[in-house]
Amino acid sequence: MINEDLHKRFQDAVNFVNDYTDPLPADLLLKLYAYFKIANRNFDNPGSRTPLINAFKANALFQAKRISIEEAMEKYVELVEKELKTL
């Protein structure tokens, strides 16, 4: 069972990213994408119309595939706090 505090921090971080309006580096977006997908148990194929973007997304998921749901949530929160909230 996922810790309620972690779930709230994760949801707050997701909301922060969704409301973020400045452009983000592609590598950061790919990490956030992979952690989000794992945290939400969504392993569907990437849905971009661009094959190259799908390949990058699939690679990001592949690189993060061995982490748990809780670890994905924690890494997502840490990334948001380190890379976005400090700007």
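Here the residue index of a chain counts from 1 through its sequence in written order. With the structure being a predicted model, the display of local features is reserved for residues of pLDDT at least 70 and the display and counting of side-chain atom pairs for 80 or more, all residues being used for whole-chain, interface and lining totals. Remark: hydrogens and water are excluded; side-chain values derive from all non-hydrogen atoms of the structure.

1. Considering the packing of aromatic side chains
Working step 1: When two rings of Phe, Tyr or Trp (its six-membered ring) have centres within 6.5 Å they constitute a pair, described as stacked for plane angles under 30 degrees, edge-to-face for angles over 60, and tilted for the intermediate range. Under the definition given, this model contains four aromatic pairs.
Working step 2: Consider the rings of F16 and Y20, whose centres lie 5.8 Å apart with planes at 45 degrees: the pair is tilted.
Working step 3: Residue burial is assigned from relative accessible area. The probe radius is 1.4 Å, only protein chains are included, and a residue is buried under 20% of its type maximum, exposed over 50%, and partly exposed in between. Overall, the relative accessible area of 27% leaves F16 in the partly exposed class.
Working step 4: Between F36 and Y76, the ring centres sit 6.4 Å apart and the planes meet at 50 degrees, which makes this aromatic pair tilted. Taken together, the residues F36 in helix α2 (residues 26–39) and Y76 in helix α4 (residues 69–84) connect sequence positions 40 residues apart.
Working step 5: You can call F36 partly exposed: its relative accessible area is 33%.
Working step 6: What links up through ring pairs into an aromatic cluster is the set F10, F36 and Y76.
Working step 7: To sit over a ring, a charge needs its Lys NZ or Arg CZ within 6 Å of the ring centre and within 35 degrees of the ring normal. Against the face of F16 rests K85, its NZ or CZ located 5.1 Å from the ring centre. By the criteria applied, helices consist of DSSP H or I runs no shorter than four residues and strands consist of E runs no shorter than two, each listed in order from the N terminus.

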